[in-house]
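Report on the structure
Letter by letter, the chains look like this.
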Amino acid sequence: LSIIIVCFMYFSIKNSKSIRQIVKIEPLNYSYSFDGMSFLKTFYRMQQGMSFYDANIYGISHDGRQGPPPIFVSGWRLPMTFWLWNSVARNGEDIWFLFLMLSVLSLCALFDIAVITVGRLGVLISSIFLTSYFYFALTSYQFLLIEWWGFFPFIIGLRFFMHKKTAMGVIIMMIGVF
């Protein structure tokens, strides 16, 4: 697993330079047409003091697709991820590095889960396949999608469940819901 993680980190950092440079600054109004960039715009607006919901509406309304804010609840995102970003990140590149760290932590948790469920050989194969998903997110703008950020607490919480630490597992998994 160590070799897989070192290679994953090296190639992720090496092959994402241009993306990390672009996300270092707030996207210009109407210059983006991707939900992830709208979420990045929300982050930067929160950094400037806007509340989450006002910043989210701003990010959505200044998207190049110029659609209205979501009408249904299912179209909205909850603020937990944005609060996390605002607590630890200064810019989009810091968000990228946070995603990298959580990816590594999740790979370790998944490794532990796989050892329990499929044995050592399955662990190697599953680790390689899962690494490619995280790599794709880190070498594109996919790391900005909120759905990814809900995956991390789910996996870490599942690891606690596998070790019979149910209360801690539930608490961590609930973070992914919000």
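Residues numbered from 1 in each chain as written. Predicted model: local features only at pLDDT ≥ 70, side-chain atom pairs only at ≥ 80, totals over all residues. Heavy atoms only, no water.

**Section: the packing of aromatic side chains**
Where two aromatic rings form a pair, the distance of their centres and the angle of their planes describe that pair. Throughout the structure, instances matching the rule amount to 19 aromatic pairs. Plain terms: the ring middles of F43 and W85 are 6.2 Å apart, the flat faces sit at 75 degrees to each other, and that makes the pair edge-to-face. Of the two residues, F43 is situated in helix α3 (residues 35–47) and W85 in helix α5 (residues 80–88); the sequence distance between them amounts to 42 residues. Taken as a pair, F43 and W85 share a single burial class, namely buried. Here the aromatic rings of F134 and F151 are separated by 6.0 Å at their centres, their planes lie at 55 degrees, and the arrangement is tilted. In this pair, F134 is assigned in helix α7 (residues 119–138) and F151 in helix α8 (residues 146–162), connecting sequence segments 17 residues apart. By relative accessible area, F134 is classed as buried at 2%. Accessibility expressed as a relative area gives 27% for F151, which makes it partly exposed. The side chain of R20 reaches across the aromatic face of W96, ending 5.0 Å from its centre. (Phe/Tyr/Trp six-rings, centres within 6.5 Å; stacked < 30°, edge-to-face > 60°. Helix = DSSP H or I, 4+ residues; strand = E, 2+ residues; numbered from the N terminus. Buried < 20%, exposed > 50% of the residue type's maximum accessible area, 1.4 Å probe, protein only. Lys NZ or Arg CZ within 6 Å of the ring centre and 35° of its normal.)

**So, the nonpolar core**
Counting 34 residues, the largest nonpolar core has L40, W85, I95, F99, F143, L144 and W149 as the members making the most contacts within it. The set of elements that each furnish at least two residues to this core consists of α1 (2–14), α3, α4 (52–61), α5, α6 (92–117), α7 and α8. A per-element tally of this core places α6 first, with eight residues. Sequence-distant contacts of F143, that is, excluding residues within four places in its chain, are made with I19, V23, G92, I95, W96, F99, A137 and W149. (Core = buried A, V, L, I, M, F, W, Y, C linked by side-chain atoms within 4.5 Å. Contact = heavy atoms within 4.5 Å.)

**With respect to the confidence of the model for the protein**
When pLDDT is averaged along the protein, the result is 91; 98% of the residues meet or exceed 70. Mean pLDDT across the elements of the protein bottoms out in α7 (85) and peaks in helix α2 (residues 17–22) (97). (pLDDT = per-residue confidence, 0-100.)

**Let's talk about helix α9 (residues 166–177)**
The first and last C-alpha atoms of α9 sit 17 Å apart over 12 residues, in line with the 16 Å expected at 1.5 Å per residue. Turning to α9, its buried residues number three or more, namely G169, I172 and M173. Down the axis, α9 shows its buried residues gathered within 100 degrees of arc, on one side only. Turned more than 90 degrees away from the buried face of α9 sit A167, I171 and V177, all of them exposed. Along its buried surface, α9 packs onto α8. (Expected span 1.5 Å × (residues − 1). Arc of directions from axis to C-beta.)

**Brief notes about the side chain of S16**
Tracing the backbone through its elements, the reader meets S16 in the loop between α1 and α2. Not counting residues within four places of it along the chain, the set of residues in contact with S16 comprises W96, L138 and T139.

**Focus: a nonpolar patch on the surface**
A contiguous nonpolar surface patch, about 540 Å² in accessible area, is contributed by Y53, L78, V170, M174, V177 and F178. By residue number, the principal contributor to the nonpolar patch is α9, which donates three residues. Residue position: Y53 is located in helix α4. (Patch = residues over 30% accessible without salt bridge, like charges linked within 9 Å, V, L, I, M, F, W, Y side chains within 5 Å. Areas by Shrake-Rupley, 256 points an atom, 1.4 Å probe, with all protein chains shown as cover. Salt bridge = Lys/Arg side-chain N within 4 Å of Asp/Glu carboxyl O.)

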